[in-house]
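Letter by letter, the chains look like this.
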Amino acid sequence: MAVGDVEIRTLDHDDHTAIDAAARILNAAFADRRPAPWSTYAAARAEVLDVLAPDAICRAAFDQDGRMLGWIAGAPDYGGNVWELHPLAVHPDAQRRGVGRALVTDFERQVAARGGVTILLGADDEEGMTTLGNVDLYPNVCEHIAHVRNLRNHPFEFYQKCGFAIVGVVPDANGVGKPDILMAKRVLPVQSDHS
């Protein structure tokens, strides 16, 4: 499938070159986060291999020269009705060029084609990048969610632009004052040509 100047295709578990590229992208895309979730190549490669499960979706975006720009993965839950998007990684040199949005759009199509109706993701705030981080969210968790603001380029706004909504938060998921922001989006089922 081609999206603009980007071709998106399934990441093959036998394509060691692509797995290597995906690991390097994952490492580079999150290198500025503290703590960096995939701070070593080995940790990033293990994550790539982990998401290549038989029932999962793992898709990668390539430029016209065949260079991988980013990738996305997800696995089914709730009997396949819900798919967890994890992770989405775009190489820093390719960010803000529509690659992430193209991967999310493609992922939505893949989920819908498998009968999924909702995509769920967690967007951790371990660095106080939003008004949900570095504060005690109890007892008025919903009030904090209703007034969330982005302080330092947290990705939740990217996902909102892709149609996701904040549906909750797990306070202290990553330690005190380090929540996981839960986001979801409904996807429409793929229509057959006979409808």
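Shown above is the structure to which this text applies.
Numbering of residues starts from 1 in each chain and follows the order in which that chain's sequence is written. In keeping with the predicted nature of the model, local features appear solely for residues at pLDDT of at least 70, side-chain atom pairs appear and are counted solely at 80 or more, and the whole-chain, interface and lining totals rest on all residues. Computation of side-chain values: all heavy atoms of the structure, hydrogens and water removed.

1. Looking at the overall build of the protein chain
Labels follow the DSSP assignment, with helices taken as runs of H or I lasting at least four residues and strands as runs of E lasting at least two, numbered in each case from the N terminus. Across its full length, the protein chain holds 5 helices and 8 strands. Burial classes: relative accessible area under 20% of the type maximum marks a residue as buried, over 50% as exposed, and values in between as partly exposed (1.4 Å probe, protein chains only). In the protein chain, which comprises 195 residues, the proportion classed as buried is 44%. By definition in these notes, contact holds between two residues if any of their heavy atoms fall within 4.5 Å. When contacts within the protein chain are restricted to residue pairs at least 6 apart in sequence, those whose partners lie at least 24 apart make up 58%. In this count, Lys and Arg are taken as positive residues and Asp and Glu as negative ones, while His and the chain termini are left out. By convention, the point assigned to a charge is CZ for Arg, NZ for Lys, CD for Glu and CG for Asp. For the protein chain, the separation between the mean place of its 18 positive charges and that of its 27 negative charges on side chains is 5 Å.

2. Re the state of the cysteines
Note on terminology: disulfide denotes any pair of cysteine sulfur atoms within 2.5 Å. Within the structure shown, the criterion is met by 0 disulfides. We note that Cys 162 lacks a disulfide partner, and the nearest cysteine sulfur, in Cys 58, lies 18 Å from it. Exposure remark for Cys 162: the relative accessible area of 8% places this residue in the buried category.

3. Things to note about the nonpolar core
Generally speaking, nonpolar side chains in soluble globular proteins are found buried as a group. Take the buried Ala, Val, Leu, Ile, Met, Phe, Trp, Tyr and Cys residues and link them wherever side-chain atoms come within 4.5 Å; each set so joined is a nonpolar core. In terms of nonpolar packing, the biggest core is built from 35 residues, with Leu 85 and Phe 164 touching the most fellow members. With 7 residues, helix α3 (residues 99-113) is the single largest residue contributor to this core. Sequence-distant contacts of Phe 164, defined by excluding residues within four places in its chain, comprise Leu 85, Val 104, Glu 108, Ile 119, Leu 121, Tyr 159, Met 183, Ala 184 and Lys 185. Counting residues in each nonpolar core, the second largest holds 21 residues, with Ala 29, Phe 30, Leu 52 and Met 68 among its members.

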